[in-house]
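# Architecture at a glance
Single-letter residue listing:
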Amino acid sequence: MDKLKRVLSGQDGSGDNMDILEAANQASTLAWGTRVKAFIACFVLGVFSSVLGSCLLWVPGVGLALFAVLYSLGNICSLSSTMFLMGPVKQLKRMCAKERALATAIMMICLVLTLCAAFWWKINGLALLFCVLQFLAFAWYGLSYIPFARDAVIKMFSLCL
């Protein structure tokens, strides 16, 4: 069956010998069930990290720094969880697609600025502002996967104003 797929896709069907990269790729691919389990585990870890960070926000002294780190880590885990479903290259291509590129860039920049504000600059209000912007960019990024969701949100806010 694999030989038929190679012939139909335009690859050379006469040779059965694979190079090292093809053999390593086939050996490292995950089964669909394993991908779904890894997606769920990574997504739950991300949500748990974000919720834990939100709970630790009110700890005196170090609460905001813990919140910034755990919330950013949670966003990274949640975002990377979908890589298990579609693969890392396809996920990165979709993140950089023209309808998502701006939201992705803002989200990544805010993620870095959140950590800079919390640890390097030590400005708590700025770290909290970047977390809010990170959340909004992540929400806008997520809405891009739902057909016409962004248009509906824009229309809803335009009606409210």
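Note: the structure precedes this text.
Described in the following lines is the structure provided in the data block.

Each value, and the rule that gives it
Residues numbered from 1 in each chain as written. Predicted model: local features only at pLDDT ≥ 70, side-chain atom pairs only at ≥ 80, totals over all residues. Heavy atoms only, no water. Salt bridge = Lys/Arg side-chain N within 4 Å of Asp/Glu carboxyl O. Buried < 20%, exposed > 50% of the residue type's maximum accessible area, 1.4 Å probe, protein only. Axes fitted to C-alpha atoms, helices over the stretch in contact; angles between N-to-C directions. Helix = DSSP H or I, 4+ residues; strand = E, 2+ residues; numbered from the N terminus. Parallel < 35°, antiparallel > 145°, perpendicular 65-115°, else oblique. Left-handed = near helix turned anticlockwise from the far one by under 90°. Contact = heavy atoms within 4.5 Å. Nonpolar A, V, L, I, M, F, W, Y, C, P; charged D, E, K, R; others polar. Phe/Tyr/Trp six-rings, centres within 6.5 Å; stacked < 30°, edge-to-face > 60°.

Taken as a whole and assessed by the stated rule, the structure comprises one salt bridge. Across the pair Glu99 and Arg100 runs a salt bridge whose closest N-O atoms are separated by 3.3 Å. Judged by its relative accessible area of 39%, Glu99 is partly exposed. Note on Arg100: relative accessible area 9%, which makes it buried.

Between helix H4 (residues 63–86) and helix H6 (residues 101–120), the shortest axis-to-axis distance is 9 Å and the interhelical angle comes to 155°. Compared by their axis directions, H4 and H6 come out roughly antiparallel. In terms of crossing hand, the pair formed by H4 and H6 is left-handed. Along its contact with H4, which presents Ala65, Ala68, Val69, Ser72, Ile76 and Leu79, the element H6 presents Met107, Met108, Leu111, Thr114, Leu115, Ala118 and Phe119. Class assignment for the residues of the contact of H4 with H6 results in eleven nonpolar, two polar and no charged.

Each aromatic ring pair is specified by the distance between its two centres and by the angle formed by the two planes. Taken as a whole and assessed by the stated rule, the structure comprises five aromatic pairs. Ring geometry for Phe39 and Phe43: centres 6.0 Å apart, planes at 25°, overall stacked. Taken together, the residues Phe39 and Phe43, both in helix H3 (residues 32–55) and four residues apart, mark about one turn of the helix. On the basis of relative accessible area, Phe39 is assigned to the partly exposed category, the value being 21%. A relative accessible area of 37% places Phe43 in the partly exposed class. The interplanar angle of 80° and the centroid separation of 5.5 Å between the aromatic rings of Tyr141 and Tyr145 together place this pair among those described as edge-to-face.

These values are about where atoms sit, not about what they do.
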